[in-house]
Amino acid sequence: MLVSDALMEPFSSGTATFLHGITFAGHPVSAAVALANLDIFEKEDLLGNVGATRPRSAPPWRSSTTCHRGDVRAPVLLRIEMVKDKVTRETFTDDESERLLRGFLSQALFDAGLVLPRRRRGDPVIQLAPPLICGQEHFDEIEAILRAVLTEAWTRI
């Protein structure tokens, strides 16, 4: 979704969220857009790009040593679970998660250029959903931002 700075203002700080419902399901225009979207998937081989990019993007996420990472789930939708102790996989308390995620990480990642969905639950998880057109240079940039911000976050725990 693209919005002006004025519309984004309430969401760029604090805990405001934008919730909406889908009221246009089955509309002929929406159906035409969906079909055109599927044509683009085929013409630009977007799913092939995901398959070609995934093997190159997985190793850095799996071997991160800058934070106590518990688990990385899914090949392209990246869910990075943070833990207090890599060996025991002890997780953070609710208060620690709140301080870590909302008190530091969300804003620090945003300031560094990585826009993530705001999580309503306090789970110590960073969720990334990169577009299907991402190339290795994009994954490298995401990793560099995460590495820097998570390293800083670890000094604050």
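What you see is a predicted model, and the numbers here were worked out from it, not measured in a lab.

A word on the overall build of the protein chain
Tallying secondary structure elements over the protein chain gives five helices and three strands in all. Reading the secondary structure of the protein chain in the N-to-C direction produces α-α-α-β-β-α-β-α. Long-range pairs, those at least 24 residues apart, make up 54% of the contacts in the protein chain with a sequence separation of at least 6. For the protein chain, the accessible area works out to roughly 10,300 Å², and carbon and sulfur atoms hold 59% of it.

Observations concerning the pattern of salt bridges
Throughout the structure, instances matching the rule amount to four salt bridges. Where E96 meets K84, a salt bridge forms, and the shortest distance between an N and an O atom there is 3.0 Å. Within this pair, whereas E96 is found in helix α4 (residues 94–111), its partner K84 is found in the loop between β2 (78–82) and α4, the two being separated by 12 residues in sequence. Of the residues examined, K84 reaches a relative accessible area of 25% and is grouped as partly exposed. One salt bridge in this structure joins E143 and R147, with 2.5 Å as the shortest N-O distance.

Quick notes on a nonpolar patch on the surface
Among the surface-exposed residues, V3, L7, M8, F110 and V115 lie close enough to one another that they form a single nonpolar patch of about 420 Å² accessible area. Structurally, V3 is set in the segment before α1 (5–8).

A look at the nonpolar core
Note on soluble globular proteins: their nonpolar side chains tend to be buried together. In terms of nonpolar packing, the biggest core is built from 21 residues, with M82, L105, L109, I126, L128 and L146 touching the most fellow members. If you list the elements that add at least two residues to this core, you get β2, α4, β3 (125–128) and α5 (136–156). A per-element tally of this core places α5 first, with seven residues. If we skip the residues at most four places from it in the chain, L109 touches L114, L116, I126, I145, L146 and V149.

A closer look at α4
Three or four residues apart is the spacing at which side chains of an α-helix point the same way, because the helix has 3.6 residues per turn. Relative to the 26 Å expected for 18 residues at 1.5 Å per residue, α4 spans 24 Å between its end C-alpha atoms, a close match to the ideal helical length. The largest bend along α4 measures about 40° and falls at L105. What α4 keeps buried is the set E96, S97, L100, L101, F104, L105, A108 and L109. Buried residues belonging to α4 abut β2, β3 and α5.

Topic: the packing of α4 against α5
It is the contact of α4 with α5, at a shortest axis distance of 10 Å, that shows an interaxial angle of 150°. If you check the angle between α4 and α5, you find them roughly antiparallel. The interaxial crossing formed by α4 with α5 has right-handed handedness. Taking contact as the criterion, the partners of L100, F104, L105, A108 and L109 in α4 are, on α5, I145, L146, V149, L150, E152, A153 and R156. Its residues assigned to classes, the contact of α4 with α5 shows 10 nonpolar, no polar and two charged.

Topic: unusual backbone geometry
Not every positive phi belongs to a glycine, and D45 is a case in point at roughly 45°. In this model, R89 sits at a positive phi of 65°, which is unusual for a non-glycine residue. With respect to the secondary-structure elements, R89 resides in the loop between β2 and α4.

What counts and what doesn't
- Residues numbered from 1 in each chain as written.
- Predicted model: local features only at pLDDT ≥ 70, side-chain atom pairs only at ≥ 80, totals over all residues.
- Heavy atoms only, no water.
- Helix = DSSP H or I, 4+ residues; strand = E, 2+ residues; numbered from the N terminus.
- Contact = heavy atoms within 4.5 Å.
- Areas by Shrake-Rupley, 256 points an atom, 1.4 Å probe, with all protein chains shown as cover.
- Salt bridge = Lys/Arg side-chain N within 4 Å of Asp/Glu carboxyl O.
- Buried < 20%, exposed > 50% of the residue type's maximum accessible area, 1.4 Å probe, protein only.
- Patch = residues over 30% accessible without salt bridge, like charges linked within 9 Å, V, L, I, M, F, W, Y side chains within 5 Å.
- Core = buried A, V, L, I, M, F, W, Y, C linked by side-chain atoms within 4.5 Å.
- Expected span 1.5 Å × (residues − 1).
- Bend = angle between axes of the 7 residues up to and from the residue.
- Axes fitted to C-alpha atoms, helices over the stretch in contact; angles between N-to-C directions.
- Parallel < 35°, antiparallel > 145°, perpendicular 65-115°, else oblique.
- Left-handed = near helix turned anticlockwise from the far one by under 90°.
- Nonpolar A, V, L, I, M, F, W, Y, C, P; charged D, E, K, R; others polar.

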